[in-house]
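Given next are the chains, with one letter for each unit.
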Amino acid sequence: MLVTLIKYLGILFIGGVFGYKGLIKGKIEANLGNIQTIALLFLLFIMGITIGINDEIISNIFSIGLKAGIITIFTMGFSILGVRLVRKYVVLEDEEVES
Amino acid sequence: MSLSILLAVLSGVGMGYFFLPITILPSLGVIIDIGLMVLLFFVGIDIGKQKGIFGVIKKVGFRALLVPLAVTIGSILGSILVGPMLKMKINEAGVIGAGLGWYSLSSTMLLAEGYVELSALAFLANVFREISALIIIPLVAKYFGELEAIAPAGATAMDTALPVISKATGPQVSVIAFITGVLCTIIVPIILPIILNL
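Residues numbered from 1 in each chain as written. Chains lettered and ligands numbered in written order. Predicted model: local features only at pLDDT ≥ 70, side-chain atom pairs only at ≥ 80, totals over all residues. Heavy atoms only, no water.

Asker: Outline the interface of chain A and chain B, listing residues and values.
Answerer: Across the contact, 68 residues belong to chain A and 92 residues belong to chain B. Carbon and sulfur atoms make up 80% of the surface buried where chain A meets chain B, a total of about 7,300 Å² over both sides. Our count for the contact surface shared by chain A and chain B stands at 3 salt bridges. Close ionic contact of E148 of chain B with R87 of chain A constitutes a salt bridge, the shortest N to O distance being 3.0 Å. Where chain A touches chain B, the interface holds 11 residue pairs in polar contact (both at pLDDT 80 or more). Breaking the side of chain A that touches chain B down by element, the ones donating at least two residues are α1 (2-21), α3 (32-52), α4 (55-59), α5 (61-86) and β1 (91-92) of chain A. (Contact = heavy atoms within 4.5 Å. Buried area = accessible area lost by both parts, 1.4 Å probe. Salt bridge = Lys/Arg side-chain N within 4 Å of Asp/Glu carboxyl O. Polar contact = N/O pair within 3.5 Å; in protein donor to acceptor, adjacent residues only side chain to side chain. Helix = DSSP H or I, 4+ residues; strand = E, 2+ residues; numbered from the N terminus.)

Asker: Please set out the packing of α5 of chain A against helix α4 (residues 66-82) of chain B residue by residue, giving values where relevant.
Answerer: Axis separation between α5 of chain A and α4 of chain B bottoms out at 7 Å; the angle between their running directions is 140°. Judged on the interaxial angle alone, α4 of chain B and α5 of chain A are oblique. Seen from above, α5 of chain A lies across α4 of chain B with right-handed handedness. The segment α5 of chain A lies against α4 of chain B, with I70, I71, F74, T75, F78, S79, G82, V83 and V86 of chain A engaging L66, V67, A70, V71, G74, S75, L77, G78, S79, L81 and V82 of chain B. In the contact of α5 of chain A with α4 of chain B, the residues fall into 13 nonpolar, 7 polar and no charged. (Axes fitted to C-alpha atoms, helices over the stretch in contact; angles between N-to-C directions. Parallel < 35°, antiparallel > 145°, perpendicular 65-115°, else oblique. Left-handed = near helix turned anticlockwise from the far one by under 90°. Nonpolar A, V, L, I, M, F, W, Y, C, P; charged D, E, K, R; others polar.)

Asker: I'd like to hear about the nonpolar core, residue by residue, with values.
Answerer: Ranked by internal contacts, the top residues of the largest apolar core, which has 86 residues, are L44 of chain A together with F123, I150 and I165 of chain B. If you tally residues by element for this core, the top one is helix α7 (residues 116-143) of chain B, at 13 residues. The residue makeup of this core includes at least three contributed by each of domain 1 (1-58) and domain 2 (60-99) of chain A. Leaving out residues up to four positions away in the same chain, I150 of chain B has contacts with V67, A157, I165, V173, I176, A177 and T180 of chain B. (Core = buried A, V, L, I, M, F, W, Y, C linked by side-chain atoms within 4.5 Å. Buried < 20%, exposed > 50% of the residue type's maximum accessible area, 1.4 Å probe, protein only. Domains from an automatic or database assignment.)

Asker: Tell me about the pattern of salt bridges, and name the residues and values.
Answerer: Applying the stated criterion across every chain yields a total of 3 salt bridges over all chains. Residue D33 of chain B pairs with K7 of chain A through a salt bridge whose shortest N-O separation is 3.6 Å. Taken together, the positions of D33 of chain B in helix α2 (residues 25-49) and K7 of chain A in helix α1 put the pair across two chains. Residue D33 of chain B is classed as partly exposed on the basis of its relative accessible area of 27%. A single salt-bridge network, built from bridges that share partners, covers R84 and R87 of chain A together with E148 of chain B.

Pasting the structure below:
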């Protein structure tokens, strides 16, 4: 787990340094958005393959979707509740955020 | 973009279901690992480009950091609480909430760890979160409060959901929303492996 964490943080940090120092220039910089989109779509395509190849997931896709919907309601509901609990401590430019 | 994402996933599902043998899975694992690194590298570049973020945090006040903290804890707690009702292990339910709406990263990280079904669940739950956030943000701002309107967006508060938050609230809340999105984006790759291994 520690190795995974260090690996992810390391890559994130290296990317951060590249972005902060402006080390990526020219055509690559101009096309960063496109490169990112292509990488993302390729990754999601591969993810689709791993799902499609697995018969058990395909046969349970509707129950997985239902579970996902229920979890979404709870994650969003509790995050709204969490912000509600801290809102009185968050003061902006000497005035409370109006509700 | 949403259509491209849907097409990418569905064509992958079709390819896997109809044409590819299951023996290809180990090779896909290597590709996913490399793809994940590329994705994180580009996210790092995006974060690194936000040079003024610390100045903004200082100006708004460090107490604004309570918002991303509350969003993160609330999301994880919500999924952990509902997990047992869905016959899920607490850590596996927790990682779904820990995705904070960032479907591409949470699902591929779980896939890289060998959790195929959990990855599909993370993908769907976080896609649902992103889509429904865009719908409910104006309603939350109107009926619950402007600051609370940041919560449904999670990590997407720095990009996809920011224009919606900005329209439904005001400039001050928009600044906090952006900070929340950036910090949630940094938090996801840190907390996801930790919760998964609990």
